Amino acid sequence: MTVTAPPLDVYSQPTLSNLMPSVLASLGVAGEPNRLHLPDSRHTVVILIDGLGWSLLRRHRERAPFLDSLTGRPIRAGFPTTTATSIASFGTGLPSGGHGITGYQSYVREVRGTINWLSWRAGHKGDELTRLVPEVLQPAPTVFERAAAAGIACTTVVPAKFDGSGLTRAVLRGGTFAGIHAYGDLIAHVVTAARSGERTLTYCYLSEIDTLGHIYGPGSAPWLHQLDLVDRLVERLAAELAVAQPGAALHVTADHGMVTVDDADKIDFDDTPALSDGVVALAGEPRCRHVHARAGAAHDVAARWRSELGHRMWIGTRDEAVTAGLFGPAVRSEVQGRIGDVVAIAQGGVAVVRRKAESRLSALPGQHGALTDDELLIPLLHTAAT
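About the criteria used
- Residues numbered from 1 in each chain as written.
- Predicted model: local features only at pLDDT ≥ 70, side-chain atom pairs only at ≥ 80, totals over all residues.
- Heavy atoms only, no water.
- Helix = DSSP H or I, 4+ residues; strand = E, 2+ residues; numbered from the N terminus.
- Rg over C-alpha atoms; globule rule 2.2 N^0.38 Å.
- Buried < 20%, exposed > 50% of the residue type's maximum accessible area, 1.4 Å probe, protein only.
- Contact = heavy atoms within 4.5 Å.
- Areas by Shrake-Rupley, 256 points an atom, 1.4 Å probe, with all protein chains shown as cover.
- Lys, Arg positive; Asp, Glu negative; His and termini not counted.
- Charge placed at Lys NZ, Arg CZ, Asp CG, Glu CD.
- Polar contact = N/O pair within 3.5 Å; in protein donor to acceptor, adjacent residues only side chain to side chain.
- Phe/Tyr/Trp six-rings, centres within 6.5 Å; stacked < 30°, edge-to-face > 60°.
- Pairing = 2+ DSSP bridges.
- Axes fitted to C-alpha atoms, helices over the stretch in contact; angles between N-to-C directions.

(A) The overall build of the protein chain, seen in detail. Across its full length, the protein chain holds 16 helices and 18 strands. In terms of overall dimensions, the protein chain is globule-like: its C-alpha atoms have a radius of gyration of 20 Å, near the 21 Å expected for 386 residues. Across its three principal directions, the C-alpha atoms of the protein chain cover 60 × 45 × 40 Å. Residues counted as buried form 60% of the 386 residues belonging to the protein chain. Nonlocal contacts in the protein chain, meaning residues at least 24 apart in sequence, comprise 73% of its contacts between residues at least 6 apart. In the structure as shown, the protein chain presents an accessible area of about 15000 Å², 52% of it carried by carbon and sulfur atoms. Computed over 35 positive and 39 negative side-chain charges, the inter-centroid distance for the protein chain is 2 Å.

Encoded structure:
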């Protein structure tokens with residue numbers, strides 16, 4: 001049976017793009033909407049745990065007793081459910097149609113190629129920081145720029161390797177960059193940042209749960225041990241923060257969840273002529289593909305994808321995806337071309353891979369990008385002090 005119903009209205013409920021504007025409002029920044037109804041605060045720390053979906057956290061709550069003890073609820077990541085897009089939504093307060101980071105990879109006409117937004121690279125070439133200047137590609141003021149303009153001391157506590165990266169410049173600019181190397185300096189930098197002004201906003205990022213989820217699968221033994229460690233880290237950070245800056249607000253969230261995809265459920269694009277015929281570029285990632293067609297071939301490409309995978313994926317044209325609101329209520333004109341002529345979103349356990357062209361990505365058991373609850377729902381947790 002073909003999946004004909006449009007995807008759910010992603011933005012009818014609060015998403016990650018609502019979090020930081022709500023944080024700014026709670027810090028007293030005028031004009032910022034507090035859709036999440038966060039209480040007033042003068043010092044706020046936000047921790048984003050990559051890959052820790054709400055369903056995964058609830059399923060393994062006994063391995064994270066501190067996180068489980070916090071008050072909170074699920075919100076939605078946004079679309080697609082992938083790190084580059086979610087970090088951009090987090091850092092700008094905009095859905096993907098506003099900030100323009102439309103997936104893990106996007107076909108970008110300016111470079112006539114597919115850009116990996118995490119590395120800001122097209123294939124094996126060097127970075128594209130010169131041709132795709134981050135501050136030009138994403139010109140909207142970030143939440144950190146808006147906070148700084150309101151007199152708030154902002155600090156981003158993230159791995160040192162991200163200093164000056166394209167994604168950092170595009171969507172996280174505006175705060176003082178505090179590069180970290182391990183959990184010890186993460187705690188030290190966060191505590192210092194929380195005491196750096198009369199009003200402070202500190203953001204820190206943890207990547208390891210996502211990494212082990214991809215490599216071993218979410219819920220695997222390595223993943224569970226990492227969840228143990230992250231839970232202890234957040235508990236220790238909360239305790240140190242309570243001493244250094246009593247009454248500070250601490251919010252914990254994520255960028256997406258994750259599912260396990262068996263090898264038998266991976267469809268190889270390059271070995272399936274019905275999928276590759278008429279296609280000039282395949283972007284996105286295995287569970288959410290942007291399919292860019294040869295001129296004049298979009299209708300036929302959509303028909304072939306529906307015939308081949310329509311019973312396992314929602315297959316829509318660019319216009320159908322935009323009309324369904326998947327990229328938010330408004331899509332900037334220059335962003336339209338970064339959305340596929342055809343958009344394919346997994347239902348259930350399927351994924352469209354490229355075992356030769358994307359060998360590493362294709363081999364991973366842990367995947368995300370689609371709109372299942374396991375991928376879409378993320379936690380928004382708060383310490384009792386907030």
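Having put the structure on the table, let's press on.
(B) Up close: the environment of Ser86. Along the chain, the position of Ser86 falls in helix α4 (residues 83–92). Note: C-alpha distance between Ser86 and Ile101 (15 residues apart in sequence) is 8.8 Å. Discounting residues that sit within four places of it in the chain, Ser86 has contacts with Leu16, Ala77, Pro80 and Asp255. At 2.7 Å, the side chain of Ser86 and the backbone oxygen of Asp255 are in polar contact.

(C) Focus on the packing of aromatic side chains. Enumeration over the complete set of coordinates arrives at six aromatic pairs. Considering the side-chain rings of Trp117 and Trp120, the 5.0 Å spacing of their centres and the 65 degrees angle between planes classify their relative orientation as edge-to-face. Classification of Trp117 as buried rests on a relative accessible area of 0%.

(D) View of the sheet that holds strand β15 (residues 342–346). Taken in spatial order, the four strands make up an open sheet running β12-β13-β15-β14, and their pairing is antiparallel. On the outer flanks of this sheet lie β12 (279–285) and β14 (313–317), each paired with one strand and no other. Going from strand to strand, the sheet's axes swing by 20 degrees on average, the running direction of each strand aside. Bridging between β12 and strand β13 (residues 288–293) involves six bridges; their strand directions are antiparallel. Looking at β13, one finds that Val279 is bridged to Ala293. The strands touched by helix α13 (residues 298–309) are β12, β13, β14 and β15; relative to β14, the strand with the most contacts, the crossing angle is about 170 degrees.

Scope: geometric values only; no functional claims are made or implied.
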